[in-house]
Every structure is written in structure tokens, then in C-alpha cells.
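Each chain, letter by letter, is given below.
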Amino acid sequence: MEDVVDAASGLVVSRIRYPAGEYRHGPSGLLELRVVRAGSSYAEIDLGAGVRRVFTRPGDLLLSLPDSATSFVIADARELTVLRVEAGLAGRLLKEAGGTIADLAPAAERPVRDPMVAEICRRLENSARTEPIVREWMLGVTVAALLGMARAARDRSARPVLTAQRLDAVLAAIDAERDADTTVDRLASVAGLSRRAFATAFRETTGLPVHQFVLRRRVDRAITLLETSDLSLADVAHRTGFSHQAHMTRVFSRLRGVTPGQLRASRGRAH
């Protein structure tokens, strides 16, 4: 059963229960947003960007664009709230938000989640007596939020990746450097990325900012030399890229809780 809200304005809101099964829809010419209300399980979903096997649950948002065919294969019954927005209305609201319908494509590749949008959709479903200008405002907030999600998804997919090969090259450069002033620019050049892209990708890959990682790497190398050689502390500092012995001692103490001299002394006692 469908509960239609103000079809004349370009917006139809429906509450629909779908039994388990397969559903295929050709391009509708409408911007359609489906909100899962009840039913959680895996489903094979094509929102216009290829079939994906995903786990959907209440609160998930499934967006399809006016020119996209969609298909759903669900093993269990689902209850959905479906917003159908005329392309002209959607385009106007998106233009006011600084975008276009085409800009929504990244948000139409897989289910997304936004509690605020899900709640607005729930309220739109029961807004038959609400003033049209208020419904349009609610819809405007919804499409603006979808535009933000789409842009975030686009930025994530476009973000440079620090591949294993690139990371190995960067680690080799860090280990080969004898300069205490090894820079992010220098390592970014080795990785073949811009400074900003490299810093972001490096942190996502290693869990640490570049500078902190370099210091930890130098401390690890210093430990190896302290345990396997009789080099002086000053020589160890020089060979591992610290500006001087005192610098190594400060960093070493902060990261390891002991000084290089204490570590070497403990090695001596162990023998």
C-alpha cells in the first residue's frame, strides 16, 4: 500500500513492504531514495553501478538516479520508505546546494547511512498536513546531505594509495638517509605523490604521521646498533640520522622509556 504525499509538487513518498524475491525496475526518470525500515540480511543490489552483495539493515539509504535501472534480490521481506522526486525538482534543489544530479552518482553505488536523512524521510512519510514550503525545505536538506555524502565518497575513491611497492621505496629511503632533516617533500618525491597526498596516504597506511614514523624507525635502527656493535653513542646517533647524541637520547627516552646508555648497559649485564 502506498501513502502518497503531494504528488502534484513533484514529490511522492510511499511506505512499501516487499516480500522476499527479485525486483527489477527500468529507469524511472525520477530521483529515488529508499530507506530500509525493517528487515536485515544480505541482498544483491544494483543501484545502477553494477551488482553488489551487501548487508542491509534499518536506516540504510539506497539512492538511484533518474536514468538508472535498478535490481534487488532479497532473501527476506523488507519494509521501505521510498521517496520519488521529479528530476526537475531534484535538479533545482541540488543547484541551490551547489551541485547537480550527476554529482550524486558516488552515493548511488552502494547503501549509505545518515541518521538525519533517515529521520527526515520518516517525517516526510507522515507530512500530508505539513505546509508545502516546509516539505520542500525538508527535501532540500535531504538532497544537500546526499550531495555531501556523494562528494565524500568521490574524494575517498580518488585518494592516492600508498602501494606496497611505494611504501618499500619510502622505507628504503628512510633507512638510507643520514640526514636528520629528512623531509616529507623528499619522501613524497620517492613515492611519486604530492606532499599532501603522500602525508595522507602514509598516515592511513602506517597509522602514524611521517615525522613520528621516521623517529620510531630511527630508534629501532639505533637499538639494533646498540645491541650488535660497540659503536659509541655519538656514532650510533650519526648513523641513524639523529642530529646529535642528545637528540637521540631525548627521542629514545620518550619512545622507549630508557636512554640508549641504559639499554647498552642492560645488554652488558645480560652477558
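Scope of this entry: the structure provided in the associated data block. (Residues numbered from 1 in each chain as written. Predicted model: local features only at pLDDT ≥ 70, side-chain atom pairs only at ≥ 80, totals over all residues. Heavy atoms only, no water.)

**Structural notes on the sheet that holds strand β7 (residues 70-74)**
Threshold: The pairing criterion is simple: DSSP has to find at least two bridges between the two strands. By the criteria applied, helices consist of DSSP H or I runs no shorter than four residues and strands consist of E runs no shorter than two, each listed in order from the N terminus. Axes, fitted as lines to C-alpha atoms, cover a helix only where it is in contact. Angles between the N-to-C directions of the axes lie from 0 to 180 degrees.
Strand order across the open sheet formed by four strands is β2-β7-β4-β5, with antiparallel pairing between neighbours. Pairing within the sheet leaves two strands with one partner each, and these edge strands are β2 (21-25) and β5 (51-56). Geometrically, the sheet is characterised by an average inter-axis angle of 20° between neighbouring strands, direction not taken into account. Across six bridges, strand β4 (residues 41-46) lies against β5 in antiparallel orientation. Bridging across to β5, Ser41 finds its partner in Thr56.

**A look at the sheet that holds strand β6 (residues 60-64)**
What links the strands of a sheet is backbone hydrogen bonding, and the strands pair in either a parallel or an antiparallel sense. Cut-off, in case you're wondering: The criterion used for residue contact is that any of the two residues' heavy atoms lie within 4.5 Å.
Here five strands make up an open sheet; going across it, the order is β1-β8-β3-β6-β9 and the pairing antiparallel. Strands with a single pairing partner mark the edges of an open sheet, and in this sheet they are β1 (11-18) and β9 (112-113). Relative to β9, β6 is paired through two bridges, and the arrangement is antiparallel. Each residue of the ladder has a partner; that of Leu61, found in β9, is Val112. Across the sheet, helix α1 (residues 87-96) is in contact with β1, β3 (30-38) and β8 (78-86); its angle to β8 comes to roughly 80°.

**Observations concerning the pairing of β7**
Remark: a regular strand shows side chains that alternate across the two faces of the sheet. Which entries qualify depends on this criterion: Only protein chains enter the area calculation, which uses a 1.4 Å probe; residues under 20% of their type maximum are buried, those over 50% are exposed, and those in between are partly exposed.
Counted residue by residue, β7 has four buried out of five residues, so it is predominantly covered. Across five bridges, β2 lies against β7 in antiparallel orientation. Its bridge partner being in β7, Arg24 is matched across the sheet by Ser71. Here β4 runs beside β7; their pairing, made up of four bridges, is antiparallel.

**Details of the nonpolar core**
Put simply, the rule is: The nonpolar core is taken to be a set of buried Ala, Val, Leu, Ile, Met, Phe, Trp, Tyr and Cys residues, with the residues joined through side-chain atoms within 4.5 Å.
Of all hydrophobic cores here, the largest spans 32 residues; its most connected members are Leu31, Leu33, Leu61, Leu63, Leu83, Leu104 and Leu139. Secondary-structure elements contributing two or more residues to this core are β1, β3, β6, β8, α1, α2 (115-125) and α3 (132-158). Take this core: its biggest share by element is eight residues, from α3. Ignoring anything within four residues of it in the chain, the contact list for Leu83 reads Leu11, Val12, Val13, Leu31, Glu32, Leu33, Cys121, Leu124 and Leu139.

**Observations concerning the side chain of Arg218**
Note the cut-off: Two N or O atoms form a polar contact when they lie within 3.5 Å of each other; inside protein one atom must be a possible hydrogen donor and the other a possible acceptor, and for residues adjacent in sequence the pair counts only when both atoms belong to side chains.
Position of Arg218 among the secondary structure elements: in helix α7 (residues 210-228). Side-chain polar atoms of Arg218 contact the backbone oxygen of Gly241, separated by 3.3 Å.

**Topic: the environment of Ala191**
Within the secondary structure layout, Ala191 lies in helix α5 (residues 184-191). Leaving out residues up to four positions away in the same chain, Ala191 has contacts with Leu162, Arg166, Val170 and Phe198.

**A closer look at the packing of aromatic side chains**
Filter applied, for reference: Pairing of aromatic rings covers Phe, Tyr and the six-membered ring of Trp, with a centre-to-centre limit of 6.5 Å; geometry is then stacked below 30 degrees between planes, edge-to-face above 60, and tilted otherwise.
Enumeration over the complete set of coordinates arrives at four aromatic pairs. Ring centres of Tyr42 and Phe55 lie 5.2 Å apart, and the angle between their planes is 75°; on these two criteria the pair is classed as edge-to-face. Taken as a pair, Tyr42 in strand β4 and Phe55 in strand β5 lie far apart in primary sequence, 13 residues in all. Residue classification places Phe55 among the partly exposed positions, given a relative accessible area of 43%. With 5.5 Å between their ring centres and 50° between their planes, Phe198 and Phe202 make a pair best called tilted.

**Here's the deal with the environment of Arg195**
Position of Arg195 relative to the elements: it lies in helix α6 (residues 195-206). The partly exposed category is assigned to Arg195, whose relative accessible area is 48%. The sequence separation of Arg195 and Thr183 amounts to 12 residues, and the corresponding C-alpha distance is 9.9 Å. If sequence neighbours within four positions are ignored, Arg195 has contacts with Val184, Asp185 and Ala188.

**Description of the packing of helix α4 (residues 164-176) against α7**
Stated precisely, the cut-off is as follows: Roughly parallel covers angles under 35 degrees, roughly antiparallel covers those over 145, roughly perpendicular covers 65 to 115, and oblique covers all other angles. Left-handed is the label given to a crossing in which the near helix is rotated counterclockwise from the far helix by less than a right angle, and right-handed is the label when the rotation is clockwise. Each residue is assigned to one class: nonpolar for Ala, Val, Leu, Ile, Met, Phe, Trp, Tyr, Cys and Pro, charged for Asp, Glu, Lys and Arg, and polar for all the others, Gly among them.
The interhelical angle for the contact between α4 and α7, taken along N-to-C directions, is 60°, at an axis separation of 10 Å. Judged on the interaxial angle alone, α7 and α4 are oblique. Where α4 crosses over α7, the handedness of that crossing is right-handed. On α7, the residues that touch Leu171, Ile174 and Asp175 of α4 are Phe213, Val214, Arg217 and Arg221. Looking at the contact of α4 with α7, its residues break down into four nonpolar, no polar and three charged.

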